[in-house]
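Here is how the chains run, residue by residue.
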Amino acid sequence: MNSSGHLTTDDYVTGIRSGDRGIMGRAITLIESRAPHHRREADALISALLPFSGTALRMGISGIPGVGKSTLIETFGTLLTGRGLKVAVLAIDPTSSRSGGSILGDKTRMEKLAADPLSFIRPSPTSGHLGGVARTTRESVIVCEAAGYNVILIETVGTGQSETCVADMVDVFLLLILPNAGDELQGIKRGILELADIVAVNKVDNQDDPAARQTCQDYRCALNIVGRTTPSGWKTPVLPISALRNQGLETLWDTIQAYHTLQKSSGTLEARRQQQKHAWMWSLVQDRLDTLFREHPDVRRRLPGIEADISRGTLDPSKAAEELLSAFIA
């Protein structure tokens, strides 16, 4: 560290490898920055950390708002730390499309887990990024793995058509649903149901509740129709749980471990990780092309006038896009 307090790549690596949560937080802040000089530092840091990554169980948790994702993470994470496991939580908060502000309230909703020395909770805004995950979630995973965390839980903002990208960065994709699913299955898209490795019906306080039993049966039938079977032969189970009452979470963890073990023994985990690296590359390409486009001097110069023409109705969005792309390519 120099006299101004700036950390070098070696400083970051040393701090992260020693499990310094303060340094981890600073590293993720660096990674999230869009400043060009920060981007270069972040790239160097990720390259230095990659050899120490890849050993954690990566798990995505999705579901409609109000399904109890944060409660599950609090209770489930505490269960895991009680077993001596280090648990990192990357909690993704929605960013306002108007103000750019983010709720970032997960630490207040996970007070017990946040105080646990074996946990690390990092709320990050989506910053308008599609997919219900932050732009730099993959890089944040690398930081947590290099710090020695055994399980990484990625909480997404909710279930939507574009949120399937979370499956491109995890080993296990858990879909949370509520009892009384109804005829529409709570608006769950077929594509997300096809990606679910495990489905858990949350808030089942009574295992004999007819509504809960019916919901489990509905989703088992839906999964049969979808024909969800992984290359390793895994068939997506539907489990009744109550995160609030800490019921069914031991079975959930056993199921997660069984699936992870099957992935390892069948070779599908390695194949999945390799595919995820390709997805990561294209995500970076798209993100950086977007940044280059928006910062291009000719695009920035012409954008106010083009937006004004669109507002006046003298230019349609399709032609406006063509003009901006022409300015960028020229």
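Please read these numbers as outputs of a predicted model, since none were measured by experiment.

**As for the nonpolar core**
Counting residues in hydrophobic clusters, the biggest one holds 49 residues, and the most contacted among them are Ile16, Ile154 and Val199. Viewed by domain, this core spans two of them, domain 1 (1-52) and domain 2 (54-265), each represented by three or more residues. Apart from residues lying up to four places away in sequence, Val199 is in contact with Leu174, Leu175, Ile177, Leu193, Tyr219, Leu223, Thr236, Pro237, Val238 and Leu239. In terms of nonpolar packing, the next biggest core, distinct from the first, is built from 33 residues, Leu113, Leu249, Leu252 and Tyr259 among them.

**Quick word on the environment of Pro237**
Secondary-structure assignment places Pro237 in the loop between helix 9 (210-226) and strand 7 (238-240). Accessibility expressed as a relative area gives 19% for Pro237, which makes it buried. Note: C-alpha distance between Pro237 and Asp197 (40 residues apart in sequence) is 7.6 Å. If near-sequence neighbours (up to four positions away) are discounted, Pro237 is found in contact with Asp197, Ile198, Val199 and Thr255.

**As for the packing of aromatic side chains**
Applying the stated rule across the entire model yields four aromatic pairs. The interplanar angle of 50° and the centroid separation of 6.3 Å between the aromatic rings of Phe120 and Tyr149 together place this pair among those described as tilted. Of the two residues, Phe120 is situated in strand 3 (residues 119-125) and Tyr149 in the loop between helix 7 (137-146) and strand 4 (151-155); the sequence distance between them amounts to 29 residues. Overall, Phe120 belongs to the buried group, its relative accessible area being 6%. Ring centres of Phe293 and Phe328 lie 5.4 Å apart, and the angle between their planes is 65°; on these two criteria the pair is classed as edge-to-face. Residue Phe293 is found in helix 11 (residues 268-295), and its partner Phe328 is found in helix 13 (residues 317-329); the two are separated by 35 residues along the sequence.

**Points about the pattern of salt bridges**
Counted by the stated rule, this structure contains 12 salt bridges. Residue Arg83 pairs with Glu250 through a salt bridge whose shortest N-O separation is 2.2 Å. Within this pair, whereas Arg83 is found in the loop between helix 4 (69-81) and strand 2 (87-93), its partner Glu250 is found in helix 10 (residues 249-266), the two being separated by 167 residues in sequence. Since its relative accessible area comes to 42%, Arg83 is described here as partly exposed. Overall, Glu250 belongs to the partly exposed group, its relative accessible area being 40%. Its salt-bridge partner being Arg294, residue Asp290 comes within 3.2 Å of it at the nearest N-O pair. Remark: Arg294 and Asp290 occur in helix 11; sequence separation between them is four residues, near one turn of the helix. In this structure Asp290 comes out as partly exposed when scored by relative accessible area, which is 30%. By relative accessible area, which is 57% here, Arg294 ends up exposed.

Parameters and conventions
Residues numbered from 1 in each chain as written. Predicted model: local features only at pLDDT ≥ 70, side-chain atom pairs only at ≥ 80, totals over all residues. Heavy atoms only, no water. Core = buried A, V, L, I, M, F, W, Y, C linked by side-chain atoms within 4.5 Å. Buried < 20%, exposed > 50% of the residue type's maximum accessible area, 1.4 Å probe, protein only. Domains from an automatic or database assignment. Contact = heavy atoms within 4.5 Å. Helix = DSSP H or I, 4+ residues; strand = E, 2+ residues; numbered from the N terminus. Phe/Tyr/Trp six-rings, centres within 6.5 Å; stacked < 30°, edge-to-face > 60°. Salt bridge = Lys/Arg side-chain N within 4 Å of Asp/Glu carboxyl O.

Geometric descriptors of this kind do not, in isolation, establish any biological role.
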